[in-house]
Amino acid sequence: MSSVNSLENHFLVAMPRLTGTYFGSTVTYLWKHDQSGAIGLVVNKPLKTSVADIFDELEITSGAGDRDFGARHVLAGGPVERDKGFILHDAGNKWDSSIRITPELTITTSKSILQDIASGEGPCNYLIALGCAGWGPGQLEKEMLENSWLTTPASSELIFSEDYAGKPRAAAAQLGISLEKISPSAGHS
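Residues numbered from 1 in each chain as written. Predicted model: local features only at pLDDT ≥ 70, side-chain atom pairs only at ≥ 80, totals over all residues. Heavy atoms only, no water.

Chemist: Can you break down the nonpolar core residue by residue, with the values?
Modeler: In this structure, Phe11, Tyr29, Leu41, Leu88, Leu127 and Ile159 are the most contacted members of the largest nonpolar core, which totals 26 residues. Every element with two or more residues in this core is listed here: strand 1 (10-14), strand 2 (27-34), strand 6 (80-90), strand 8 (105-108), strand 9 (126-135), helix 4 (156-160) and helix 5 (167-173). Ignoring sequence-local partners within four residues, the contact set of Leu41 consists of Val27, Thr28, Tyr29, Trp31, Gly77, Phe86, Leu88, Ile107, Leu127, Ala129, Gly131 and Cys132. If you look at the next biggest cluster of nonpolar residues, it comprises 14 residues, including Val51, Ile113, Ile117 and Tyr126. (Core = buried A, V, L, I, M, F, W, Y, C linked by side-chain atoms within 4.5 Å. Buried < 20%, exposed > 50% of the residue type's maximum accessible area, 1.4 Å probe, protein only. Helix = DSSP H or I, 4+ residues; strand = E, 2+ residues; numbered from the N terminus. Contact = heavy atoms within 4.5 Å.)

Right, here's the structure in full:
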């Protein structure tokens, strides 16, 4: 169970001071945060790779003819473990290596979920990301003190939205904040 100060099931919205870094203009979904650190997935950084490309690479045949897997992006989930695939999806069926995050969300690294998605038997909502974002003990807390991140509770609607460019604005708007009005330099009083 998460602690009172945990940011599990929250978004980290990159503050303007992170412009020019890997995390510039990103929204990261934190699925784990405790005394040992934090792990999340960037949910708005599409790669040129499509879901169809992943199916081809893994030799998975698509039987769901009505779905355009070629138009659906795979995301850059973060700078850690870039060669590992993570699938964040609606809770329901449980695939190998599944971790239930909330009653509504599960994450897995299982190839079998990809086969089920390709055949039309997978979850209704999902995103596929290569890599993840990770912070060691106290690292995220330090970055929070440096005003690198804005935090807001996560929503499945925003996680699974394909409006990648609009996600930072939408996540900040949940708090009534306009990112365009925030200064890139941070100050403390």
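What follows continues from the structure just given.
Chemist: Help me get a handle on the environment of Asn125, residues and values and all.
Modeler: Within the secondary structure layout, Asn125 lies in the loop between helix 2 (111-118) and strand 9. When the C-alpha positions of Asn125 and His73 are compared, they lie 13 Å apart, and in sequence the two are 52 residues distant. Once residues lying within four places of it in the same chain are set aside, the contact partners of Asn125 are Leu88, His89, Asp90 and Phe160.

Chemist: Which residues make up the pairing of strand 9, and what values do they have?
Modeler: Counting buried residues along strand 9, 8 of its 10 residues qualify, which places the element largely inside the surrounding structure. As paired strands, strand 3 (residues 37-42) and strand 9 are joined by 3 bridges and run antiparallel to one another. When the sheet's bridge partners are listed, Ala38 is paired in strand 9 with Trp135. In the sheet, strand 5 (residues 73-76) pairs with strand 9 via 2 bridges, with the strands oriented parallel. Its bridge partner lying in strand 9, Leu75 is registered against Ala129. Summarising the sheet, strand 6 and strand 9 pair through 6 bridges and their orientation is antiparallel. Across the sheet, Ile87 pairs through a bridge with Ile128, a residue of strand 9. (Pairing = 2+ DSSP bridges.)

Chemist: Could you give an account of the side chain of Thr106, with specific residues and numbers?
Modeler: For Thr106, the location among the structural elements is in strand 8. Looking at Thr106, the relative accessible area reads 4%, which means it is buried. Contacts of Thr106, omitting those with residues within four sequence positions, involve Ile87, Leu88, His89, Ala91, Ser98, Ile99, Arg100 and Ile101.

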